[in-house]
Amino acid sequence: MVDAVRCEKLVKIYDAGGQKVVALNGIDLNIKLGELMMLVGPSGCGKTTLISVIAGILDQDSGVCELFGKNVNVMSSKDKLQFRAKNIGFVFQAFNLLPSLNAAENVSIPLIINGEKRTIAERKAIEVLKQVGLGDRWKSYPSQLSGGQQQRVAIARALVHSPRLIVCDEPTSALDHTSGHNVMNLLKEVALHQDRALVIVTHDARIFEFADRIAQMDDGHIIKVT
Amino acid sequence: MNHIALKMLMGDKGKYLGIIMGLTFASLIMTQQPAIFIGILARTYSFISDTGLPDIWVMDEKVQFVDDIKPLQDTELYRVRGISGVAWAMPMYKGLLKARLADGTFQTCIVVGLDDTTLIGGPPIMLQGEISDLRRSDSVIIDVDGLNEKLNKPTADGKKIPLKVGDSLELNDRRAIVVGVAKVTRTFQSQPVIYTTYSRAKSYAPKERKLLSFVLVKADKGQDLGELTRRIREKTGLAAYTQQEFMDITYNYFIKNTGIPINFGISVLLGFIVGAAIAGQTFYSFTLENIRQFGVLKAMGTSNWTLLRMILLQAVLVGSIGYGMGVGLTALFGYAMRHTILAFKFPWQLLVFSGAGVSLICMIAALISILKVMRLEPAIVFKS
């Protein structure tokens, strides 16, 4: 069976004001379908760069990163966009909901990007909002929701188009302990299944228990996978 | 994605209104000031456009504009009448004379003398009386604005009221009785216009050897006007212009020899720059503040082309609303000022000009915003 993610000798170097900063220094990592993988490590160790490359929104300088057996790096920009729109869901630390859209409209965005009609997309969005326990709040705007509720809307948005990989960046860091646990339970119960993988970047040790495997990073390397 | 673009735009009501206001202001300045400018310039040739019947105006060849009177001898009228292709030719006197009012004050007026028989060249609209009333002894017809604003008489309680039909005034120590009130387009200097007969006008005017200002010519049916003006010039040595040519000559004189275009040009340019700066800056800062949202859309797979269309849609929408409001306010301004001394003319060309100006502002603002979004790294979304 093909891995969801296969990274081999990934290197990414940034040019910071004339100085070379090696963000990824030969990363090897496999993530299987049905697996919840956490990337942990100190600030600046390369976690965000790694998920950016995995999610196909940043190109590596060398090495290979395959998603579901496809090398995204060699795709044309258009194909890469379509691949990303169809196969990847995002959950961000700062939720990144569009403040002028209500919950249903926010959740419907990935469907609209994939060419779905707005009315159908919003109907599907409401269904997914029900799954994350916000069926009665679909008309609410982000400013009318608590942090935990906003993150649940963000999860619904990451799920609505049935992507095969969900990338989460510090999904619990802006939440209290209870809300954080609820969000992780939701991710594990609703988001994770046999045809989908989850990659979560986190500092939050309280949620390590939800991981199937944890990859510990430091200085652009993966130093341990447990 | 259009729906999302519009909701993003209108989500922050304050900023949305700020952009609209900026463009409204730009559009208002770009239409209102030129409309006044065009209105003022239109007044320079209003006397010609108000005199509708003649096809051709004949005058001394040194005349530079309608108020630059260089009188001709009366015999020139007969020379013009003798040219083939001329259906009729009538004399016209036009000069500035001082009117003495009942309270002893003087007011400079434009006195127009019309052919005694036909009264051709009279005012376009009569409000009171008939043009034929000019055949009565000492009669004059005066324009309504001149009566209301400058030609008045004192009442018993010391107030001043406009002259009315039946009242009299003095022109060069000769009595003139108001027999009618006319509506004419205001002249450039907004002086009262007094119509009378040609012979009476000559009696009002200081004695001079030459007093004929213009010969008004009607061409025979089917006569080529260009050809006829050329023939009149050849045969008489006078200048002959079609109505439109004479208006253009007058208009161009004021454009070239007065500071009006440069003064208004600066106002319009400043309005354009300030409006562009406000609208452009607000629109750009709107994009900057939403840059993360564009980044989210980009990360989720929205193409640059779609984002470009979203920004263009936003720019077109605010541009259209701002333009519509600005033009609407200008039209409202013109309507409110229609009975005042303010010059105002709003031709369709001005709509096109201001529309192009507002479009340019929006396009520049959108272009800067688009470049910013195009260059945006979607990885920005992972930064907290």
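Please refer to the structure placed before this passage.
Computed from a prediction, not measured in an experiment: that's the story for all the values here. (Residues numbered from 1 in each chain as written. Chains lettered and ligands numbered in written order. Predicted model: local features only at pLDDT ≥ 70, side-chain atom pairs only at ≥ 80, totals over all residues. Heavy atoms only, no water.)

**Q** What exactly am I supposed to notice about the overall build of chain B here?
**A** Helix and strand counts for chain B stand at twelve helices and twelve strands. Over its C-alpha trace chain B gives a radius of gyration of 29 Å, far above what one expects of a compact globule, namely 21 Å for 384 residues. Counting only C-alpha atoms and orienting by the principal axes, one finds that chain B spans roughly 95 × 60 × 30 Å. Here chain B, with 384 residues, has 51% of them falling under the buried criterion. For chain B, the proportion of contacts with a sequence separation of at least 24, taken over those separated by at least 6, is 78%. Summed over its atoms, the accessible surface of chain B is roughly 17,300 Å², and 59% of this surface lies on carbon and sulfur atoms. (Helix = DSSP H or I, 4+ residues; strand = E, 2+ residues; numbered from the N terminus. Rg over C-alpha atoms; globule rule 2.2 N^0.38 Å. Buried < 20%, exposed > 50% of the residue type's maximum accessible area, 1.4 Å probe, protein only. Contact = heavy atoms within 4.5 Å. Areas by Shrake-Rupley, 256 points an atom, 1.4 Å probe, with all protein chains shown as cover.)

**Q** What is the right way to read the interface of chain B and chain A from this model?
**A** By a widespread convention, an interface's size corresponds to the accessible area lost as its parts come together. Counting residues at the interface gives 22 residues for chain B and 28 residues for chain A. In total, chain B and chain A occlude about 2,200 Å² of area from one another, counting both sides; carbon and sulfur atoms represent 69% of this. Taken as a group, Lys7, Met300 and Phe382 of chain B account for 35% of the area that chain B buries against chain A, more than any other trio of residues on that side. For the pair chain B and chain A, the number of links is one salt bridge. Across the pair Lys7 of chain B and Glu105 of chain A runs a salt bridge whose closest N-O atoms are separated by 3.0 Å. The element contributing the most residues to the side of chain B that touches chain A is helix H10 (residues 291-299) of chain B, with six residues. Among the residues forming the side of chain B that touches chain A, the class breakdown is eleven nonpolar, seven polar and four charged. (Buried area = accessible area lost by both parts, 1.4 Å probe. Salt bridge = Lys/Arg side-chain N within 4 Å of Asp/Glu carboxyl O. Nonpolar A, V, L, I, M, F, W, Y, C, P; charged D, E, K, R; others polar.)

**Q** How should I be thinking about the environment of Ile155 of chain A in this particular structure?
**A** All names here are of chain A. Structurally, the position occupied by Ile155 is in helix H5 (residues 147-159). Placed 13 residues apart in sequence, Ile155 and Cys168 show a C-alpha to C-alpha distance of 9.1 Å. Once residues within four sequence positions are removed from consideration, Ile155 is found in contact with Val91, Val132, Val183, Leu186 and Leu187.

**Q** Help me understand the packing of aromatic side chains, please; the structure alone is not making it clear to me.
**A** Any pair of aromatic rings gets described here by the distance separating the centres and the angle formed by the planes. Residue and element names in this part refer to chain B. A full pass over the atoms with the stated rule returns twelve aromatic pairs over all chains. Taken together, the aromatic side chains of Phe47, Trp57, Phe214, Tyr241 and Phe246 make up a single cluster linked through ring pairs. Sitting over the ring of Phe47, Lys94 keeps its end group 5.1 Å from the ring centre. Looking at Arg338, its charged tip hangs above the ring of Tyr335, at a distance of 3.9 Å from the centre. (Phe/Tyr/Trp six-rings, centres within 6.5 Å; stacked < 30°, edge-to-face > 60°. Lys NZ or Arg CZ within 6 Å of the ring centre and 35° of its normal.)

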